Amino acid sequence: MAVRFAVFTILSIAICFLAINVGRDPKRWRLLWLDFLSILDVDTSREQKKAQERQLAFMAYFLFVVFFTSAFSCGFWTVDQIRETQRYKTTPERDAAFNRKMVEKVDRYPSRTRRPKSN
């Protein structure tokens, strides 16, 4: 589980950098997006372009906050789980883990089915 959190932390940080770059220069990213979609932007007025860029910047900053928060949270839980696996277990915890392993071991055995007695 810690590995999943660590991978998501790395991906979230990468998306944070992308979102902050989009928010810094929304004009460039709006034009790249339009080029990607093969849309010729000749009919849009200057006010509409500025409004689109403001909306793009706002959403980029919002995504930055969301992914930064998730990266921080996943990083915290990664460190917490690593520390939990490395700490010394108490006697009741070790007994519970042993009992859990024994139950899983017994559950892996095939169950025997009884045939009904025929008269």
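Residues numbered from 1 in each chain as written. Predicted model: local features only at pLDDT ≥ 70, side-chain atom pairs only at ≥ 80, totals over all residues. Heavy atoms only, no water.

### Some words on helix H1 (residues 2-24)
Structural remark: α-helix, 3.6 residues per turn; residues separated by three or four positions point the same way. What counts is decided by this rule: Every helix listed is a DSSP run of H or I at least four residues long, and every strand listed is a run of E at least two residues long, numbered separately from the N terminus. One less than the number of residues in a helix, times 1.5 Å, gives the span that helix is expected to have. Burial here depends on accessible area, computed with a 1.4 Å probe over protein chains only, as a share of the maximum for the residue type. Under 20% is buried, over 50% is exposed, and the range in between is partly exposed. What makes two residues a contact is simply this: any of their non-hydrogen atoms within 4.5 Å.
With 23 residues, H1 should cover 33 Å at 1.5 Å per step; its first-to-last C-alpha distance of 33 Å lies within 8% of that length. Every buried residue belonging to H1 is among Thr9, Ser12, Cys16, Ala19, Val22 and Gly23, and all of these are buried. Tucked inside the fold, the buried residues of H1 contact helix H2 (26-36) and helix H3 (46-86).

### Digging into a nonpolar patch on the surface
Counted only if it meets this: Note on patches: the residues involved have over 30% relative accessible area and no salt bridge, like charges join within 9 Å, and the nonpolar side chains Val, Leu, Ile, Met, Phe, Trp and Tyr join within 5 Å. Where accessible areas are quoted, they stem from the Shrake-Rupley method and a 1.4 Å probe; at the residue level, only the protein chains shown are allowed to cover. Any Lys or Arg side-chain nitrogen located within 4 Å of an Asp or Glu carboxyl oxygen qualifies as a salt bridge.
The grouping of Phe58, Met59, Phe62, Leu63 and Val66 at the surface amounts to a nonpolar patch, some 480 Å² of accessible area in total. Within the element layout of this structure, phenylalanine 58 appears in helix H3. The exposure class of phenylalanine 58 is exposed, given its relative accessible area of 57%.

### Comments concerning the pattern of salt bridges
This model, assessed by the stated rule, comprises 4 salt bridges. For glutamate 84, the salt bridge identified is with lysine 89, shortest N-O distance 3.6 Å. For glutamate 84, a relative accessible area of 36% corresponds to the partly exposed category. With a closest N to O distance of 2.7 Å, arginine 87 and glutamate 93 form a salt bridge. Taking relative accessible area as the criterion, arginine 87 reaches 33% and is therefore assigned partly exposed. Members of the salt-bridge network, linked through shared partners, are Glu84, Arg87, Lys89 and Glu93.

### Some details on a positive patch on the surface
Which entries qualify depends on this criterion: Residues counted as positive are Lys and Arg, residues counted as negative are Asp and Glu, and His and the chain ends are not counted. Charge positions are represented by NZ for Lys, CZ for Arg, CG for Asp and CD for Glu.
On the surface, Lys27, Arg46, Lys50 and Arg54 cluster together into a patch of positive charge. Broken down by element, the positive patch gets its largest block of residues, 3 residues, from H3.

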